[in-house]
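Below, each chain spelled out in residue letters.
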Amino acid sequence: MKIRLGLPKGSLQEATLQLFSRAGLPVVTNGRSYFATTGDPEVECMLIRAQEMARYVEHGVLDAGLTGLDWVVESGLEVVTVSDLIYAKQSRVKVRWVLAVPEDSQYQRAEDLGNCIIATELVNVTRKYFESKSVSVQVEFSWGATEVKLPMLADAIVEVTETGSSLNANRLRIIDTVLESNTQIIANKKAWCDPSKRRKIENLALMLRGAMDAQNRVGLMLNVRKKDLAAVLAVLPALKRPTISTLSDDDWVAVNTVIEETTAWQVIPRLKEANGQGIVEYPLNKVVL
């Protein structure tokens, strides 16, 4: 059973392609085409702008797709949320749509912006935000470069930020967070009710989450005498509990676990002090929790 999968074209494209590669499903793109191929003959890919993904998934052109929660909410369309994938263009964090004004602006709160012009790509969400505060504003769609529209073309903007560096560079001040967003796998309702397609989509989500959970983690294995096992286990910040295996010598066991890569610098010397031997650190492709 084939599924047609939408991948986000644009700012999230490179991070998404890297994630698929780590998950074991490399995607080969052609810069001149919206179609892409994968190593799985049952997965066909199309490159679609994240802003449009929910529409094509809801209409059934795509069985599933990766897009931001922000664009799903903005569209107002009914799709199935399969899984959250917390990654962005530059990092593994949620992004924020923030209400911002120039640094020297007199406006301090959303409530101060009555009858003002707000520029944003996220028009529907922004309107609902101000409606929830009973503040009347004029929300105008921005085709991009929203930061430069202040103060001549708008009084405030609602713009997405991952690190805040672009806002700082344009000397803007954040008043409030309008919406937090992250990448999601979404599915068409009809496709989700098809057992074969659903299994394929669920397996895809499992492997992508596994690749993400493996990032910044490493595996550790070592041998230790049984009499020193308690001291070794006291050192290990295990993902759950380490795997303990018997060896041919009854006085020894093998210990295998997963740790955050940043902790290895402190953990490995302590394992050695606890009489661990044959300590091996190894990279991980996927961690399925």
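Read on for an overview of the structure. Keep in mind that this is a model prediction, so the values were computed, not measured.

### Brief notes about the overall build of the protein
Within the protein one finds nine helices and 16 strands. Dimensions of the protein along its principal axes, counting C-alpha atoms only, are 80 × 50 × 35 Å. When contacts within the protein are restricted to residue pairs at least 6 apart in sequence, long-range pairs at least 24 apart make up 70% of them. If you sum the accessible surface of the protein, you get close to 15,500 Å²; carbon and sulfur atoms cover 49% of it. Here the protein contributes 34 positive and 35 negative side-chain charges, whose respective centroids are spaced 4 Å apart.

### Some words on the layout of surface pockets
A volume near 240 Å³ is recorded for the second largest pocket. The wall of the second largest pocket is formed by Arg49, Gln51, Glu52, Arg55, Trp71, Glu74, Ser75, Glu121, Phe141 and Trp143. Of all elements in the fold, only helix H2 (50-59) and helix H3 (69-75) reach the threshold of two or more residues within the lining of the second largest pocket. Class assignment of the residues belonging to the lining of the second largest pocket gives a composition of three nonpolar, two polar and five charged.

### Details of the sheet that holds strand E8 (residues 117-120)
Here five strands make up an open sheet; going across it, the order is E9-E8-E10-E7-E11 and the pairing mixed. Each having just a single partner strand, strand E9 (138-141) and strand E11 (172-181) make up the two edges of the open sheet. With direction set aside, neighbouring strand axes in the sheet form an average angle of 25°. Looking at chain direction, E8 and strand E10 (residues 156-161) are connected through three bridges and run parallel. When the bridges of E10 are listed, Ala119 appears paired with Ile157. Contacts from helix H4 (residues 123-132) reach strand E7 (95-102), E8, E9, E10 and E11, with the element oriented near 105° to E11.

### Quick notes on H4
Among the residues of H4, those classed as buried are Val123, Val125, Thr126, Tyr129 and Phe130. Down the axis of H4, the buried side of the element spans an arc of 165°, and every buried residue falls inside it. With respect to the buried face of H4, the exposed residues turned more than 90 degrees away are Lys128, Glu131 and Ser132.

### So, the nonpolar core
Ranked by internal contacts, the top residues of the largest apolar core, which has 30 residues, are Leu5, Leu7, Phe20, Leu66, Leu85, Tyr87 and Leu208. Contributions of two or more residues to this core are made by strand E1 (3-9), helix H1 (13-22), strand E4 (43-49), strand E5 (64-68), strand E6 (80-85), strand E12 (183-187) and helix H7 (195-214). Broken down by element, this core gets its largest block of residues, six residues, from H7. In contact with Leu208, other than residues within four places in its own chain, are Leu19, Phe20, Ala23, Leu66, Leu85 and Ile185. Of all hydrophobic cores here, the second largest spans 20 residues; its members include Leu99, Cys116, Tyr129 and Phe130.

Conventions we followed
- Residues numbered from 1 in each chain as written.
- Predicted model: local features only at pLDDT ≥ 70, side-chain atom pairs only at ≥ 80, totals over all residues.
- Heavy atoms only, no water.
- Helix = DSSP H or I, 4+ residues; strand = E, 2+ residues; numbered from the N terminus.
- Contact = heavy atoms within 4.5 Å.
- Areas by Shrake-Rupley, 256 points an atom, 1.4 Å probe, with all protein chains shown as cover.
- Lys, Arg positive; Asp, Glu negative; His and termini not counted.
- Charge placed at Lys NZ, Arg CZ, Asp CG, Glu CD.
- 1 Å grid on protein atoms, 1.4 Å probe; cavity = no way out; pocket = protein on both sides within 12 Å on 5 of 7 lines; lining within 4 Å.
- Points joined across faces, edges and corners; volume = space filled by probe spheres on them.
- Nonpolar A, V, L, I, M, F, W, Y, C, P; charged D, E, K, R; others polar.
- Pairing = 2+ DSSP bridges.
- Axes fitted to C-alpha atoms, helices over the stretch in contact; angles between N-to-C directions.
- Buried < 20%, exposed > 50% of the residue type's maximum accessible area, 1.4 Å probe, protein only.
- Arc of directions from axis to C-beta.
- Core = buried A, V, L, I, M, F, W, Y, C linked by side-chain atoms within 4.5 Å.

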